[in-house]
Amino acid sequence: MSMQQTLPLPGVAPERTGGYRTDHLLVADMVRPGSRVLDVGCGDGELLQLLESRGIDGRGIELSREGVNGCVAKGLAVVQGDADTDLVNYPDDAFDYVILSQTLQATRQPKVVLENLLRIGQRAIVSFPNFGFWKMRLQLLIGGHMPRTENLPASWYDTSNIHFCTIKDFVQLCEEINVKMERAVALDLYGRPVPLNLPWWVWNMFGEQGVFLLSRGGGK
Amino acid sequence: MSNVRPIPSPQTPSDDRAHEADHPSSLVAKFGMDQPLKLDCGVDLAPFQIAYQTYGELNADRSNAILVCHALTGDQHVNNIHPVTGKPGWWETMVGVGRPIDPDKYFIICSNVIGGCMGSTGPASSNPATGKVWGLDFPIITIPDMVRAQAMLIDRLGINTLFCVVGGSMGGMQVLQWTAAYPERVFSTLAIACSTRHSAQNIAFHELGRQAVMADPDWRGGRYVDEDTHPHRGLAVARMAAHITYLSDAALHRKFGRRMQDRELPTFSFDADFQVESYLRYQGSSFVERFDANSYLYLTRAMDYFDIAADHNGVLAKAFTGIQTRFCVVSFTSDWLFPTSESRALVHALNASSARVSFAEIETDRGHDAFLLDVPEFLEISRAPSCWPQARRAD
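As the structure is a computational prediction, the values presented were derived from the model and not from experiment.

Overview of the nonpolar core
Soluble globular proteins tend to bury their nonpolar side chains together.
Phase 1: Core analysis: the largest hydrophobic core is formed by 158 residues, its most contacted members being Val72 and Val98 of chain A together with Ile66, Val68, Ile108 and Leu162 of chain B.
Phase 2: Setting aside chain neighbours within four positions, we find Val98 of chain A in contact with Leu38, Val40, Leu117, Ile120, Gly121 and Ala124 of chain A.

Topic: the packing of helix 2 (residues 143-156) of chain B against helix 3 (residues 170-181) of chain B
Residues and elements named next belong to chain B.
Phase 1: Two elements in contact, helix 2 and helix 3, have axes separated by 9 Å at closest approach and are oriented at 70°. Viewed along their axes, helix 2 and helix 3 adopt a mutual orientation that is roughly perpendicular. Along its contact with helix 2, which presents Ile143, Pro144, Met146 and Val147, the element helix 3 presents Met173, Gln174, Gln177, Trp178 and Ala181.
Phase 2: The class makeup of the residues in the contact of helix 2 with helix 3 is 7 nonpolar, 2 polar and no charged.

Digging into the environment of Asp374 of chain B
Phase 1: Along the chain, Asp374 of chain B falls in the loop between strand 10 (356-362) and helix 10 (376-381).
Phase 2: Between the alpha carbons of Asp374 of chain B and Glu92 of chain B there is a distance of 9.2 Å; along the sequence they are 282 residues apart.

With respect to the interface of chain A and chain B
Phase 1: Taken together, the contacts link 16 residues of chain A with 20 residues of chain B.
Phase 2: Contributing elements (two or more residues each) for the side of chain A that touches chain B: helix 3 (65-73) and strand 5 (77-80) of chain A.
Phase 3: Here the side of chain A that touches chain B gets 5 residues from one element, more than from any other, and that element is helix 3 of chain A.

Observations regarding the confidence of the model for chain B
Residue and element names in this part refer to chain B.
Phase 1: Mean pLDDT over chain B: 93, with 95% of residues reaching 70 or higher.
Phase 2: Ignoring residues within four places in sequence, the model shows residues 391-395, a span with pLDDT below 50, making 10 contacts including any to other chains.
Phase 3: ipTM for the predicted complex: 0.80, alongside a pTM of 0.90.

Thresholds, definitions, all that
Residues numbered from 1 in each chain as written. Chains lettered and ligands numbered in written order. Predicted model: local features only at pLDDT ≥ 70, side-chain atom pairs only at ≥ 80, totals over all residues. Core = buried A, V, L, I, M, F, W, Y, C linked by C-beta atoms within 7 Å. Buried ≥ 20, exposed ≤ 12 C-beta atoms within 10 Å, placed from the backbone. Contact = placed C-beta atoms within 7 Å. Axes fitted to C-alpha atoms, helices over the stretch in contact; angles between N-to-C directions. Helix = DSSP H or I, 4+ residues; strand = E, 2+ residues; numbered from the N terminus. Parallel < 35°, antiparallel > 145°, perpendicular 65-115°, else oblique. Nonpolar A, V, L, I, M, F, W, Y, C, P; charged D, E, K, R; others polar. pLDDT = per-residue confidence, 0-100.

If you want it as structure tokens, here you go:
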């Protein structure tokens, strides 16, 4: 990203374990072997490659042309498309899991996207930056300006992230649209899990991002 | 108007080309009366022959064969000097040592389509029943007919499963038809700048081309060979019109703008004052040296009739239900003949069928013809099949 040169905040390289990003390994561990997975917003295809190495049948959608071309040249099954407009073209129950990694906040209609994820997939794995993270709160409270962090360095006027939420907000949305949370993990700045068994408010304060394994609620 | 110069006659008589129609400078597979090609129009075509070229070696388990399908005016000479024009093969950017489709790694097959004029049986071939050139007595052929003939050739070569079927434009239509007709025989595909059906606009352009050929008095109702003429003016006009559709406004502007051809000022005549006119005339006149006018009519017709969904109650996704083939679909931003929207419709249908599909749109101003040109981003993506595991054993 050329932007990084001019910004005061250096990007944080995500922690890696055995060559793979720690947060990707966490997501991959949520996927049962032998499943079919759709990665929405698959970027350069790193997570898809990890899934494929585990014998998982992975497909991707990516908005950016560079991302798509890189993935296709690597032999990955990735199509150029937009989460907001293209998910409707996928039939019900086409996948075991649909992954939406760090993309929810950039969609125009996060609620509709989330509903589509759980229509296409039996389960969804959603990760997003937590706007309740203490660094965010501090910048708005003390600094009086829109927060920017190492992982979200863009200014308010040039960010593609238009629908930020906190972990608490996301949990509330899941309850509202009758989505069952099977597993939830908060990650720190380096993509490492925040220790388990802490109350929600701690995660909402100290998690830089939230990762949720979701399934359809049985209520409706 | 002494300055008006019509499109010149070909420099050399088209004897070379006429000879190629029956006696191609390539490999030939002949099929006798006992092995007719069953055409969609109801005719059993027999005997017939398929002219083809191969590059590279078939491996021991016969799993490395790639079939290259040529476009409307292409032929089997993908990667060797053309026997009529003396020019390099038509897809040297894609096929060759170190290229995405590498003969050091794959056994590459390319056959002239049925209905073509470079050695596969078509309207320019001799009709064994009469001893004369087929002309308009040749039955109408379709894209599925072309693919059926290719399948017979592949059988003849002892290959069960093709590792990949590759093609752009009309070649891409054949690729898609292969997956619809013989899904179990195709491990993967690379379908470039194509569509699952020919659009109304494209049919309209083809009709323009055909009418230009048929309006030429030298066409003689299709019997020009018997009467020792050739409708080169009509065919050249058809080619000129078609060639415009293969380019883009931006590419024409970049290449020619409003620049004059070998002159400073307009001649106030209908001579080719502009470079773009001169270029088009050259495209038209060089084409007629190597292509048969009736063959052009038949092949454009085959494209017009192409509509995969029509064979599946209008539902495209049904054509690909349960398919195991890997698809790589590529389109170009400036292609207005087979625009990205057509590829996207195909990709949506493949997704709905849970097919394994990659899709990339390449940014270029070079129009439909971009697939034949040195477009690095496109050629990089075309290496995708080489990342895929070699075809599962055909057993």
